[in-house]
Amino acid sequence: NEQRVATRKVVRRAMTDASTHLPNRAAFEEAVQRALLTGGPGALAYLDLDHFTLINDTASHAAGDALIHGIGSLLKARLREDDRLFRIGGDEFALLLRGEPETMEPLLQQLQRAVENYRVGWQDHVLNITVSIGLVNFRPGEIEYARLLSLADAACLK
């Protein structure tokens with residue numbers, strides 16, 4: 001029993017971002033590949049915090065970490081029950097969304113406004129940031145994993 005508990009802890013640690021306690025890139029890759037094989041329609045959204053390095057450069061890396069943590073909590077609190085949030089990189093989050101394509105745009109617009117209205121007080125600074133979001137709708141069995149990621153990344157850069 002102790003060994004099973006220890007194994008679960010190791011797996012959880014390997015699949016969780018230490019800073020935000022959200023599922024990490026490894027968990028994201030696993031979840032997306034599973035979603036591409038089973039279930040109904042969905043979407044993948046990439047969220048890239050714009051000019052995040054300015055926060056680290058002007059306020060500090062600790063301030064940037066506080067902003068990332070806060071935005072992760074903000075996003076998670078605004079998701080629907082079947083949606084999943086991941087931190088996949090330094091200033092990047094990903095959403096694995098369930099549902100029909102017409103439901104995605106309003107949700108992402110709401111999330112974008114929430115991020116842009118979010119403020120963190122840090123020492124003598126008030127930190128805020130904007131976010132770029134790329135969205136790709138999909139149906140299981142119709143697109144390959146690498147293509148989906150490429151399209152979501154390209155959509156985020158528009």
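Conventions we followed
- Residues numbered from 1 in each chain as written.
- Predicted model: local features only at pLDDT ≥ 70, side-chain atom pairs only at ≥ 80, totals over all residues.
- Heavy atoms only, no water.
- Helix = DSSP H or I, 4+ residues; strand = E, 2+ residues; numbered from the N terminus.
- Rg over C-alpha atoms; globule rule 2.2 N^0.38 Å.
- Buried < 20%, exposed > 50% of the residue type's maximum accessible area, 1.4 Å probe, protein only.
- Contact = heavy atoms within 4.5 Å.
- Areas by Shrake-Rupley, 256 points an atom, 1.4 Å probe, with all protein chains shown as cover.
- Phe/Tyr/Trp six-rings, centres within 6.5 Å; stacked < 30°, edge-to-face > 60°.
- Core = buried A, V, L, I, M, F, W, Y, C linked by side-chain atoms within 4.5 Å.
- Expected span 1.5 Å × (residues − 1).
- Polar contact = N/O pair within 3.5 Å; in protein donor to acceptor, adjacent residues only side chain to side chain.

### Quick word on the overall build of the protein
Item 1. Regarding its fold elements, the protein presents 6 helices and 6 strands.
Item 2. Listing the helices and strands of the protein from first to last along the sequence gives α-α-β-α-α-β-β-α-β-β-β-α.
Item 3. Taking 15 Å as the expected radius of gyration for a compact globule of 158 residues, we find that the protein reaches 16 Å, a close match to that expectation.
Item 4. Projecting the C-alpha coordinates of the protein onto the three principal axes gives extents of approximately 50 × 45 × 25 Å.
Item 5. Looking at the protein residue by residue over its 158 residues, the buried ones come to 41%.
Item 6. In the protein, 66% of the contacts between residues at least 6 apart in sequence involve partners at least 24 apart.
Item 7. Surface exposure of the protein reaches about 8,900 Å², of which carbon and sulfur atoms provide 49%.

### Some details on the packing of aromatic side chains
Item 1. Evaluated as defined, the whole model comprises 2 aromatic pairs.
Item 2. Taken together, a centroid distance of 6.3 Å and an interplanar angle of 50 degrees make the contact between F28 and Y46 tilted. Placement of F28 in helix α2 (residues 25-35) and of Y46 in strand β1 (residues 42-49) is noted, with a sequence separation of 18 residues between them. No difference in accessibility class separates F28 from Y46, as the two residues are buried.
Item 3. Ring centres of F28 and F86 lie 5.5 Å apart, and the angle between their planes is 70 degrees; on these two criteria the pair is classed as edge-to-face. Separated by 58 residues along the polypeptide, F28 in helix α2 and F86 in strand β2 (residues 84-89) bring together distant segments of the chain. Of the two residues examined, F28 and F86, each falls in the buried class.
Item 4. Three or more aromatic residues link up through ring pairs in this structure, and these residues are F28, Y46 and F86.

### What to know about the nonpolar core
Item 1. Formed by 31 residues in total, the largest nonpolar core has its most connected members in L49, F93, L95 and L97.
Item 2. Of all the secondary-structure elements, those providing two or more residues to this core are β1, α3 (52-58), α4 (61-77), β3 (92-98), α5 (104-117) and β6 (131-138).
Item 3. Listed in part, the 19 residues of the second largest apolar core include I88, L96, L148 and L149.

### Brief notes about α4
Item 1. If you check α4, its first and last C-alpha atoms are 24 Å apart, about what 17 residues at 1.5 Å a residue would give, namely 24 Å.
Item 2. Those residues of α4 that fall on the buried side of the exposure criterion are A63, G64, L67, I68, G70, I71, G72, L74 and L75.
Item 3. Taking the backbone nitrogen of A62 as reference, a side-chain oxygen 3.4 Å away marks S60 as the first, capping residue of α4.

These values are about where atoms sit, not about what they do.
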